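Next come the chains, spelled out residue by residue.
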Amino acid sequence: MAEKTLLKLDKFTGLHISKDAQTELKDGEASSMTNFKITKGYKLKRRDGYKVLREGTLRVRGIWHSSSENADMPRYGAVIGNTAYVSDTGFDSLESAGYVDGSGDVSFFPFRGKLYIADGVRIRELTKDSVKDIEPYRPTVMISTSPGGIGDMYESPNMMTGAMRQLFTPDGESAEFKLCMEDIISIDSVKFEGEEVTNYSFDSTTSVVTFSEAPSDSYPDSLEICFTVTNNEGYEKIHNCRYAISYGGDNDTQVFLWGNKNYPSMRFYSGAVDGEGSMAYFPEENSTVIGDGSEITSMVRHYDRLLIFTGSAAYYSYGEKKTDPLGREYISYPVLPLSSDKGCIVSGSGILTDNHPCTVSFGGLYKWTSTSIRDERNAVCFSERISPELTPYRLSKAKLFDRQSTKELFILCPDVVFVYNYELDVFYRYEDIQITHMAESENGELFFALSDGRICIAGGDDDGGRPIRCEWFSKYFDFGHPEIKKNIYTITLTVNPGVMTYGELTWATDTASHTGFDIKKTLTLGYRLFDFDELSFDDLSFDTSYVAKQLKTRTRIRRFSFFRIGLRSNMKGGDLHLLQLLLEGDISGK
């Protein structure tokens, strides 16, 4: 019987781990796939390697790259151990900027042209050369105050500090002025008509400031008294937060904080100073307990909504304009339920990918398709194809990173990296590369920190000097006739050659099963086509050529019902970019 094409595979559609019979997979899906990726044309290619930019032994707690020039913000940043490092040229030229508190991961977040670090102990600004404390705003808590202490509440106390000011309107007779707060620990300054005065005393038990001579009847609010009250609890509420996101309804005018281990169910958000959003001011009323008191794990902005996740539930918030008793407009952020049984189990892992919020939840990765209707169907699991390997341990430690330039969502687990290419809707799997943090430049450069403390850049033919071990196994093919015996006489691989292409080929059938690369033949390519002869890819090299090459071998694989093929590449510097797989043979009958 003349040879016929039994299979022409030119569209590879990534990893699909199935507990069922592998014959149920689609033709282009891989039952096992390690360190290969899928290119834009659905071709199979060995993943990129990496180059080490900075050696290290201490744990990297976070990295940062700014995509724009900014006079106050470093282009590159990292927290390693308890030291923050900065550079304007690259991760290979980091210099110490100062001490960072705490342990565990840190969050970098930009706001109004400045870069901040939240470490779970103290939130501080990271400049081009130093770590700076935030100078808190001293709010004016009361205006138009009479000497007896009656006035109009103006600004709320600032949770970041106990420092406040109060404005009085003297009547020309009273020498005593009662402050609106108790537990005052100091009078910081007193000014009358803009000039500092010192002819006063203070009684902390009554909160009364007494002048040796009554201030004259003057213009409204001509007397300013600045004072400080005890505020340890408010300071810790803000500074002990570990995560932050910019949000403000229709714009990013405020910062929302969460992740305070002592107030796990509370979110806090900043206020305005002189009409502008500021990290220096967190009014006392700008806090919310979410849901039933469960720990807030993540927040993700989606259009004009803010999604708020606990481990087992989801909520959403939005900006609602209101007016205070003095006629000033402000924005309130009510919280409404979205899902009662789906949430995000990993703190700080929620992310916006392809314009959809994505979270790590019990059972897998979820994409949220709506934010305004309470309907659990809004949370759609998209990780079924890799669910057998998404163990509870891996899910509980997973971090998400969106590489926007390549439209890839990286799922960073402690021992493996899964990648979801959301443009192609395919998964792949990377091993031998324990990534803890990632950052991307404006021109698509990918930086990442490894668990051993090194900081690297993606690219190159090896992993910092080590070969990249790649494997790909197809499903079991029955070629449309599971009940009939088949023979294969020719295997042809069409590849896109690099400077050096290297690979090993194996197969298994229902009559000769193999779990690994037990059958080996040699593959060499010079200026002629593939010569598989007894199939073992020892030294395989190419002259620099970018014309597709066909690698063909004659085989005698006979009288099988099901057939599986595998490819491997593990030579240092070796590349493998498969464009098409062609199997030719015949159907021999029962």
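In the block above lies the structure referred to throughout.
Since this is a predicted model, take the numbers as computed values, not measurements.

A. Up close: the sheet that holds strand E17 (residues 176–178). With antiparallel pairing, three strands are arranged side by side in an open sheet as E17-E21-E20. Whereas interior strands pair on both sides, the edge strands pair on one side only; in this sheet they are E17 and strand E20 (200–203). Pairs of neighbouring strands in the sheet enclose a mean axial angle of 20°, with direction left out of account. Examined bridge by bridge, E20 and strand E21 (residues 208–211) share four bridges and lie antiparallel to one another. The residue of E21 that forms the bridge with Asp203 is Val208.

B. Examining the pairing of strand E22 (residues 223–229) more closely. Burial analysis of E22 places seven of its seven residues in the buried class, which makes it a mostly covered element. Of the two faces of E22, the one lined by Leu223, Ile225, Phe227 and Val229 and the one lined by Glu224, Cys226 and Thr228 are each fully buried. Bridge count between strand E16 (residues 163–168) and E22: six bridges; the pairing is antiparallel. Residue pairing across strands places Arg165 opposite Cys226, the latter belonging to E22. Two elements, strand E18 (residues 184–192) and E22, share seven bridges in a ladder whose sense is antiparallel. Along E22, the bridge assignment pairs Phe192 with Leu223.

C. Main features of the environment of Ser270. Position of Ser270 among the secondary structure elements: in the loop between strand E25 (266–269) and strand E26 (272–273). Setting aside residues no more than four positions away along its own chain, Ser270 makes contact with Gln254, Val255, Ser278, Tyr281, Phe282, Pro283 and Asn286. Within the structure, the side chain of Ser270 is placed 2.9 Å from the backbone nitrogen of Val255, a separation counted as a polar contact.

Thresholds applied
- Per chain, residue numbering runs from 1 following the sequence as it is written.
- Two thresholds apply to this predicted model, a pLDDT of at least 70 for residue-level local features and 80 or more for giving and counting side-chain atom pairs, whereas whole-chain, interface and lining totals are computed over all residues.
- No hydrogens and no water enter the side-chain calculation; it runs on all heavy atoms of the structure.
- For two strands to be treated as a pair, DSSP must find at least two bridges joining them.
- A run of H or I in DSSP counts as a helix once it spans at least four residues, and a run of E counts as a strand once it spans at least two, with each numbered from the N terminus.
- Axis lines are fitted to C-alpha atoms, over the contacting stretch for helices. Their N-to-C directions set the angle, which ranges from 0 to 180 degrees.
- Any residue under 20% of the maximum accessible area for its type is buried, any over 50% is exposed, and the rest in between are partly exposed; the area is computed with a 1.4 Å probe on protein chains only.
- Two residues form a contact once any of their heavy atoms are found within 4.5 Å.
- Within 3.5 Å is the distance limit for a polar contact, defined as a pair of N or O atoms, with the added protein rule that one can donate a hydrogen and the other accept it, and that residues adjacent in sequence qualify only through two side-chain atoms.

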